[in-house]
Amino acid sequence: SPGSGSQPRPPRILAVVNQKGGVGKTTTAINLATALAAAGQSVLLIDLDPQGNASTGLGIPTTQRRTGTYSLLLENTASEAATRPTFVPNLAIVPAEPDLAGAEIELVGVDRREFRLHDALRNGTLAGYSYVLIDCPPSLGLLTLNGLVAADAVLVPLQCEFFALEGLSQLMRTIERVRKSLNPGLQMQGIVLTMFDRRNNLSDLVAADARGFFGKQVYDTVIPRNIRISEAPSHGKPVLLYDFRSPGAQAYLRLA
């Protein structure tokens, strides 16, 4: 009979990656996680960025981040011990401790250095989560590699600006290398266009170029340049809780 002895379906693990800073990566991780949680999915957000902006954006001050992603990667802490609830129903987080700033260097000499997050998540308890989102740092170093090796798929926020596609080709080469040598099952979940400004012809040009090159991998939903999205983190809230009716919040709901 259904459910008798059946294993729960493992969560879909998505690495939110772009080596360029300021492209809406953390904003996308926070708000997509919140939108999925609002739809009734159980979501875990892993803050793998030493800047800790995803933790801040969900109202977790630095003083309350004693156990988090650094502990997962370098102290063999179980994922459930590093996980804490947020004020968003259905959304938990593994925050970024201040020590994570040194992890890039410390990982160099560690066994299975690219697999530390993968191993920590597989050895922990992810049962019950529908999605795990990993907010990676704006670089292609060992922390981001850990995110890519742990993930089922990659979600790429792409800012609608002049050099956006140039950086994307470098990221695609990295994803291909990871697929060949470290994580053969890694997929491209999709590319989401961020900071889209309808008054700016450049936004239309970048969008057209991205769709021309990557086709259906680019989501129909675009995230607009929206003041409410920019304001929300200073209040420690996702934009969906800061101003639900704003165009930015509604765009993330459509993306979810």
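Residues numbered from 1 in each chain as written. Predicted model: local features only at pLDDT ≥ 70, side-chain atom pairs only at ≥ 80, totals over all residues. Heavy atoms only, no water.

Asks: What's the story with the overall build of the protein in this structure? I'm lost.
Replies: When its secondary structure is counted, the protein shows twelve helices and seven strands. Its C-alpha atoms give the protein principal-axis dimensions of roughly 50 × 50 × 40 Å. Within the protein, residue pairs in contact and separated by at least 24 positions form 77% of the contacts whose partners lie at least 6 positions apart. Accessible surface computed for the protein: about 11700 Å², of which carbon and sulfur atoms make up 51%. Of the side chains in the protein, 24 bear a positive and 22 a negative charge, and the two mean positions are spaced by 6 Å. (Helix = DSSP H or I, 4+ residues; strand = E, 2+ residues; numbered from the N terminus. Contact = heavy atoms within 4.5 Å. Areas by Shrake-Rupley, 256 points an atom, 1.4 Å probe, with all protein chains shown as cover. Lys, Arg positive; Asp, Glu negative; His and termini not counted. Charge placed at Lys NZ, Arg CZ, Asp CG, Glu CD.)

Asks: How do you make sense of the pairing of strand β2 (residues 43-47) when you look at a structure like this?
Replies: Regular strands place side chains that alternate from one sheet face to the opposite one. Of all five residues in β2, five are buried, a share of seventy percent or more. Residues Val43, Leu45 and Asp47 of β2 are buried on one face, and the alternating residues Leu44 and Ile46, pointing to the opposite face, are buried as well. Of the pairings in the sheet, the one linking β2 to strand β5 (residues 131-135) comprises five bridges and is parallel in character. Paired with Ile46 across the bridge in β5 is Ile134. (Buried < 20%, exposed > 50% of the residue type's maximum accessible area, 1.4 Å probe, protein only. Pairing = 2+ DSSP bridges.)

Asks: I'm lost on the side chain of Ser71 in this one. Help?
Replies: Among the secondary structure elements, Ser71 is positioned in helix α3 (residues 69-74). Residue class for Ser71 comes out buried when judged on its relative accessible area of 3%. With residues near it in sequence (within four places) discarded, Ser71 still touches Arg66, Asn76, Thr77 and Glu97.

Asks: Hey, could you run me through the sheet that holds β2 in this one?
Replies: Within a beta sheet, neighbouring strands are joined by backbone hydrogen bonds and run either parallel or antiparallel to one another. Taken together, seven strands build an open sheet; the order of strands is β3-β4-β2-β5-β1-β6-β7 and the sheet is mixed. What marks the edges here is a single partner per strand, and that holds for β3 (84-85) and β7 (187-194). Strand contacts of helix α1 (residues 25-38): β1 (12-16), β2, β4 (91-94), β5, β6 (153-159) and β7, with the helix running at about 165° to β5, the strand carrying the most contacts. (Axes fitted to C-alpha atoms, helices over the stretch in contact; angles between N-to-C directions.)

Asks: Honestly, the environment of Leu148 in this entry has me stumped. Any pointers?
Replies: As for its position among the elements, Leu148 is in helix α7 (residues 142-150). Relative accessible area serves as the criterion here: at 0%, Leu148 is assigned to the buried category. A sequence separation of twelve residues divides Leu148 from Cys136, and the C-alpha atoms of the two residues are 8.8 Å apart. Each residue touching Leu148, except ones within four places of it in the same chain, is listed here: Ala15, Val17, Val154, Thr174, Val178, Asn183 and Leu186.

Asks: What is the right way to read the pairing of β7 from this model?
Replies: For β7, a buried count of six out of eight residues is recorded, marking the element as mostly surrounded by other parts of the structure. Across seven bridges, β6 lies against β7 in parallel orientation. Among the inter-strand pairings, Val156 is bridged to a residue of β7, identified as Ile191. Crossover handedness for the path β6 to helix α8 (residues 164-181) to β7: right-handed. (Right-handed = clockwise from strand over helix to strand, strands pointing away.)

Asks: I'm lost on the nonpolar core in this one. Help?
Replies: Soluble globular proteins: nonpolar side chains tend toward being buried together. Grouped together as the largest cluster of nonpolar side chains are 53 residues, with contacts concentrated most on Leu44, Ile46, Leu117, Ile134, Ile191 and Leu193. Sorting elements by how many residues they give to this core places α7 first, with six residues. One finds Ala29, Ala33, Ile93 and Leu255 within the second-largest nonpolar core, a separate group that totals 30 residues. (Core = buried A, V, L, I, M, F, W, Y, C linked by side-chain atoms within 4.5 Å.)

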